[in-house]
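Inside the fold
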Protein chains: 2
Amino acid sequence: MSDPFVVVGGDAAGLSGASKCARESDREVVVFERGRWVSYAHCGTPYYVKGEVESLLDLTSLSPAEIEGRGIDLRREHEVTGVDVDAGTVTVRSPDGTVEQPYGDLLIGTGARAVDPFGGADLDGAFTLHHLDSAAAMRAFLRDPGTVDPASVGDGFVDEALVGRYAERDPPERAVIVGGGYVGVELAEAFSAWDLDVHLFQRGDRLLHPFGEAVGEAVADELRKEGVTLHLDTPVAELRGDGDGRLEAVVCEGEERETELAVVGVGVEPNGELAAGAGVALGDSGAVAVDEYGETSVPNVYAAGDCAEDRHAVTDEPAWVPLGLTANRAGRAIGATVAGDPTPVGRIAGTAVVKAFDRECGRAGILDHGDAREAGFDPVSETITAGSRSGYYPGNAETTVTLCADRGSGRLLGGSVVGTDRAAVRIDTVATALEAGMTVGEVERLDLAYAPPFSPVWDPVLVAAKVLNGTLAEA
Amino acid sequence: MSDPFVVVGGDAAGLSGASKCARESDREVVVFERGRWVSYAHCGTPYYVKGEVESLLDLTSLSPAEIEGRGIDLRREHEVTGVDVDAGTVTVRSPDGTVEQPYGDLLIGTGARAVDPFGGADLDGAFTLHHLDSAAAMRAFLRDPGTVDPASVGDGFVDEALVGRYAERDPPERAVIVGGGYVGVELAEAFSAWDLDVHLFQRGDRLLHPFGEAVGEAVADELRKEGVTLHLDTPVAELRGDGDGRLEAVVCEGEERETELAVVGVGVEPNGELAAGAGVALGDSGAVAVDEYGETSVPNVYAAGDCAEDRHAVTDEPAWVPLGLTANRAGRAIGATVAGDPTPVGRIAGTAVVKAFDRECGRAGILDHGDAREAGFDPVSETITAGSRSGYYPGNAETTVTLCADRGSGRLLGGSVVGTDRAAVRIDTVATALEAGMTVGEVERLDLAYAPPFSPVWDPVLVAAKVLNGTLAEA
């Protein structure tokens, strides 16, 4: 274990692993990051675009100097282009040339990338939102020409040429969002705050598909109430440029909508190529397959974060749910393991929360009946609406909870929640119950908090469990 | 099972049981309530006193007519004075005389009463807060003379003579609260809203004792910040009257403080006398001992709510924690059982939440090391402070979490949380983990919700678990 711990990727998974290993051992720790940004909160970009977060640097949690202060050899603008698992080396290309770096243990934290199925996201005015540079460019575009100094935006990290180009343009009056997932819903809020005429196109009939029907409908209502025009069941065919590379319109079947700004937010895919090229096995999802310690099919090669699979708490099968906590947690566990303290990376419940204007949405586990049947369950769901506080207490607001369970065993499979008053964090109860493998009957008997300002006697999750348990008893 | 289901007590436990049985069976269901109020939310009274809840009737959830509409024979102002378990009858005293009522199953839901160790709570100006009548009187006292019409306060339920007496008095300028538990803390907020000079006396050195040291200190800071004068380590000896039965001062050792208004909130004790008189076994707590279906030592006699014990999720031993959800849940389960569907009443985690001005406080399980050792554990605790949201997101606020675990097994024993931003409901994660018997390592690996507006990447509960787990590993 005296050979270096080498990490590919300088964000959540990579730096969590590097930091933990550096703290817990005296191993040499080297992190290669192909870009300039490190340790940044991708999840915060919509709020920077909106203007609620003032500085782009607020979205970074550690500076390069702080990372180096942890005893980590951080090399930015160093791209790992290959892994030789027999020799135990990685090939690294940098502005200074290409070198071979030996490793004792290797952590692949290459992340994911935004999908651009229309090939138009490189048009001027079109974006994906999966990087701080595109967030910086978008916000520069939204502001009046000449009011943004590109050199002041990113402390030397940002792509100043890109930001500068948008800083000179007149702000858009219209925005098209392609895709009704997290990014689409969060940017609808952000663009509305800039008073744009916002149109959101969604291929299917529902927003936030993984959150289930009740949340999707509530969020659609909310977006419409806030003036966003929804185009559901409307697949986008292409983003059309004006011939000079500038976005002119979004084209759907039989319809096109002119716009100066478009964001393609139709999903992400794992950056699995480095691993695959090294002979590391990928899972069915296309992300890197790992065991309970995050180790891949190749000994001493680990993977974590958005490029890697995890194990699902409900099915105990591999699943790919690229989210921030998972990346941090798995990276940290691998850092502990390579420092000599074998630590499981933990399972995921697929817990996710998102804000849509005033609606707080949460989901965990398996909600979709097709997915549940595929996993061997016989799903039954109930949706209820209950108060967030005692009915007489000011601020009480409707909270809608869906719970899904297996008919035969009564086991809780998943849940969702949507509301305006402390709704999102209530999903943590569901996530914890899923990890514990509880039945709906056990959930119904949980001793959850009650006080008039915070919750009714029967918390909305308990109300849903009561109703679903009643349905299970009848079945 | 054709004999009637008879219920003693018309509040949470009793009416939950009666309603469930009436809905699920065709048994005759009779409820005896010795007072006039039924189905009321005692927990809401501080907010009525404060003025945030406008009408006293808002604190009732079902009217007598609605209860009768559920097929329940409700008899108010009927006091059950004895139970003959051999004959299967109860003796009932009412304005119309005394009768014997046969029962097939009996539910004792006689509740609890406020403790008045100084014997001064019957002075004019002194109160306990354990009934809607005292809340009505207190609020009438706080308002200007002549502005409250006693007949309009309680729709015929309220003690109009009592309310009328206070409605004529000049409002107090000073208030003394004896006891720093829920009632004391909530009333400190209520009286401050009326601009009284509020003094709170606490026998020990800490407020909200069952919530642990971190919460107690945060709440003391909050109360002081809001202008409440705290007298810690200051046992009250008596409430002194003026000789005509009117409160004049609160007397401590070597000190007395004049006041027009005093509330004694030093705790409650179970109304176990009816059960004990019938030969039903009480537990060590003085509350009625029950099995997992809420049945007492006497067959077909059940007890639930504030007069009964429950089983603790951590120790699996009997415990007496009189709170609203427990009463509703146990009552409902007993109603199902006597309707022919045997249903466990569930265990309690001792989960509680309380609002202290802007601080939200929660607790669950075992926090006190003495209690933990008594239950056979070797307790270790850690307290951390983390953000409630991503650090860059507006509204992020400090959230302090304490977790307590058993050193040998790593099992989670309890936790507390205090903060200003969605802090209270986070205790539900702890309560659920306690019910599942999780270790701190398992809690650390929970897949809890993360999105910048709602939670940091590592939820404060996860941060606490990480730190405590580190301490356990060192030990």
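See the structure above.
Residues numbered from 1 in each chain as written. Chains lettered and ligands numbered in written order. Predicted model: local features only at pLDDT ≥ 70, side-chain atom pairs only at ≥ 80, totals over all residues. Heavy atoms only, no water.

1. Quick look at the sheet that holds strand S20 (residues 318-319) of chain B
Note the threshold: For two strands to pair, DSSP has to find at least two bridges joining them. Numbering of helices and strands runs from the N terminus; a helix is a DSSP stretch of H or I covering at least four residues, while a strand is a stretch of E covering at least two.
Taken together, the three strands give an open sheet; going across it, the order is S20-S19-S21 (chain B), and neighbouring strands pair in mixed fashion. In this open sheet, the two strands that pair with only one neighbour each are S20 and strand S21 (347-348) of chain B.

2. As for the nonpolar core
This is how the line gets drawn: Side-chain atoms within 4.5 Å are what join buried Ala, Val, Leu, Ile, Met, Phe, Trp, Tyr and Cys residues into a set we call a nonpolar core. Whether a residue is buried, partly exposed or exposed follows from its accessible area with a 1.4 Å probe, protein chains only, as a fraction of its type maximum: under 20%, in between, or over 50%, in that order. Contacts between residues were defined by any pair of non-hydrogen atoms, one from each residue, lying within 4.5 Å.
In terms of nonpolar packing, the biggest core is built from 58 residues, with Leu56, Met138, Leu187, Phe191, Val219, Leu223 and Leu261 of chain B touching the most fellow members. Look past the residues within four positions of Met138 of chain B in its chain and what remains in contact with it is Val49, Phe127, Thr128, Leu129, Leu187, Phe191, Leu261 and Val263 of chain B. Ranked by size, the runner-up nonpolar core spans 57 residues in total, among them Leu142, Leu187 and Cys361 of chain A together with Tyr450 of chain B.

3. Thoughts on the side chain of Ser19 of chain A
All names here are of chain A. Of note, Ser19 is situated in helix H1 (residues 12-24). Its relative accessible area of 7% is what places Ser19 among the buried residues. Residues contacting Ser19, with those up to four places away along its chain left out, are Arg70 and Ile72.

4. Quick notes on the environment of Trp194 of chain B
Within the secondary structure layout, Trp194 of chain B lies in the loop between helix H7 (182-193) and strand S11 (197-201). Apart from residues no more than four positions distant in its own chain, Trp194 of chain B is found in contact with Val49, Lys50, Leu142 and Arg143 of chain B.

5. Comments concerning the packing of aromatic side chains
All names here are of chain A. Applied cut-off: Only Phe, Tyr and Trp rings are paired, with Trp represented by its six-membered ring, and only when their centres lie within 6.5 Å; those with planes under 30 degrees apart are stacked, over 60 edge-to-face, the remainder tilted.
Overall, the coordinates contain ten aromatic pairs over all chains when judged by the stated rule. Measuring from ring centre to ring centre gives 5.2 Å for Trp37 and Phe157, while their planes differ by 20 degrees; the resulting arrangement is stacked. Taken together, the residues Trp37 in the loop between strand S2 (29-33) and helix H2 (45-50) and Phe157 in the loop between helix H5 (150-153) and helix H6 (160-167) connect sequence positions 120 residues apart. Among the residues examined, Phe157 registers a relative accessible area of 11% and is labelled buried. Where Tyr182 meets Phe211, the ring centres are 6.0 Å apart and the plane angle is 80 degrees; that geometry is what we call edge-to-face. With Tyr182 in helix H7 (residues 182-193) and Phe211 in the loop between strand S11 (197-201) and helix H8 (212-225), this residue pair connects regions lying 29 residues apart in the sequence. Among the aromatic residues, ring-to-ring pairing joins Phe127, Phe141 and Tyr166 into one connected group.

6. Concerning the side chain of Arg206 of chain A
Residue and element names in this part refer to chain A. Stated formally: His is not counted here, nor are the chain ends, while Lys and Arg score as positive and Asp and Glu score as negative. What makes a salt bridge here is a side-chain nitrogen of Lys or Arg within 4 Å of a carboxyl oxygen of Asp or Glu, nothing more. As used in this structure description, the phrase polar contact means that two N or O atoms lie within 3.5 Å; if the pair is within protein, one of them must be able to donate a hydrogen and the other to accept it, and residues adjacent in sequence are counted only when both atoms belong to side chains.
Mapped onto the fold, Arg206 is located in the loop between S11 and H8. Although Arg206 is buried, it forms no salt bridge, and the closest oppositely charged side chain is Glu213 at an N-O distance of 4.4 Å. At 3.3 Å, the side chain of Arg206 forms a polar contact with the backbone oxygen of His209. Dropping the residues within four chain positions of it, Arg206 is found in contact with Gly212, Glu213 and Gly216.

7. What to know about the relation of the copies chain B and chain A
What counts is decided by this rule: The copies were overlaid by least squares, fitting only the C-alpha atoms of residues that reach a pLDDT of 70 or more in each copy.
Between the two copies, chain B and chain A, the superposition gives an RMSD of 0.0 Å; the rotation angle is 180 degrees and the shift along the axis is 0.0 Å. Here the copies are linked by what is in effect a two-fold axis. Relative to the rotation axis, the closest C-alpha in chain B is found at Thr429 of chain B, a distance of 2.6 Å. The residues that chain B uses at the interface reappear at the interface of chain A in 100% of cases, marking a shared surface.

Just geometry here; none of it tells us what the structure is for.
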